[in-house]
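Examination of the molecular architecture
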Amino acid sequence: MAETETAPGYEQARDELIEVVRKLEAGGTSLEDSLALWERGEELATVCRRWLEGARARLDSALAARDGEAEGVGDGPRE
């Protein structure tokens, strides 16, 4: 995907990837078209993976922040 293009959202990329897989599984396309579909599928899989990795990082950060706050609960001033 060119850097000037805006990457699709997760759901959009996932839905397009599902359609690419369906077309490849159905067969009946030329080798050139099959390769183009496969390349697009790889791009979409990368987009999905990045979205999921970003979501995981945000979740891990939120959990770490919550756990850090929980550790401080009940602690009085330290000297």
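Scope of this entry: the structure provided in the associated data block. The model shown is predicted, which means the values in this text are computed figures rather than measured ones.

What counts, and at which threshold
Residues numbered from 1 in each chain as written. Predicted model: local features only at pLDDT ≥ 70, side-chain atom pairs only at ≥ 80, totals over all residues. Heavy atoms only, no water. Axes fitted to C-alpha atoms, helices over the stretch in contact; angles between N-to-C directions. Helix = DSSP H or I, 4+ residues; strand = E, 2+ residues; numbered from the N terminus. Parallel < 35°, antiparallel > 145°, perpendicular 65-115°, else oblique. Left-handed = near helix turned anticlockwise from the far one by under 90°. Contact = heavy atoms within 4.5 Å. Core = buried A, V, L, I, M, F, W, Y, C linked by side-chain atoms within 4.5 Å. Buried < 20%, exposed > 50% of the residue type's maximum accessible area, 1.4 Å probe, protein only. Expected span 1.5 Å × (residues − 1). Salt bridge = Lys/Arg side-chain N within 4 Å of Asp/Glu carboxyl O.

Some words on the packing of helix H1 (residues 10–26) against helix H2 (residues 31–72)
Viewed as axis vectors pointing N to C, H1 and H2 meet at an angle of 150°, and their least axial separation amounts to 9 Å. In terms of their interaxial angle, H1 and H2 are classed as roughly antiparallel. Both H1 and H2 take part in a crossing whose hand is left-handed. In this structure, H1 uses Tyr10, Ala13, Arg14, Glu16, Leu17, Val20, Lys23 and Leu24 to contact H2, whose residues at the interface are Ser34, Leu37, Trp38, Arg40, Gly41, Leu44, Ala45, Val47, Cys48, Trp51 and Leu52.

Comments concerning the nonpolar core
By size, the foremost hydrophobic cluster in this structure holds 6 residues: Ala13, Val20, Leu37, Leu44, Val47 and Cys48. Only H1 and H2 provide two or more residues apiece to this core. A per-element tally of this core places H2 first, with 4 residues.

What about H2?
For H2, built from 42 residues, the straight-helix expectation of 62 Å at 1.5 Å per residue is met to within 8% by its first-to-last C-alpha distance of 61 Å. Considered for burial, the residues of H2 that qualify are Leu37, Gly41, Leu44, Val47 and Cys48. As for H2, its buried residues are in contact with H1.

Notes on the pattern of salt bridges
Enumeration over the complete set of coordinates arrives at 6 salt bridges. The shortest N-O distance in the salt bridge between Arg40 and Glu16 comes to 2.8 Å. Of this pair, Arg40 sits in helix H2 while Glu16 is found in helix H1, placing the two residues 24 residues apart along the sequence. A relative accessible area of 30% places Glu16 in the partly exposed class. Glu19 is the partner of Arg22 in a salt bridge, and the nearest nitrogen-oxygen pair spans 3.7 Å. Linking Arg22 with Glu19, this pair stays in helix H1, spanning 3 residues, or about one helical turn. For Arg22, a relative accessible area of 54% puts it in the exposed group. Within this structure, Glu16, Arg40 and Glu43 form a network of salt bridges that share partners.

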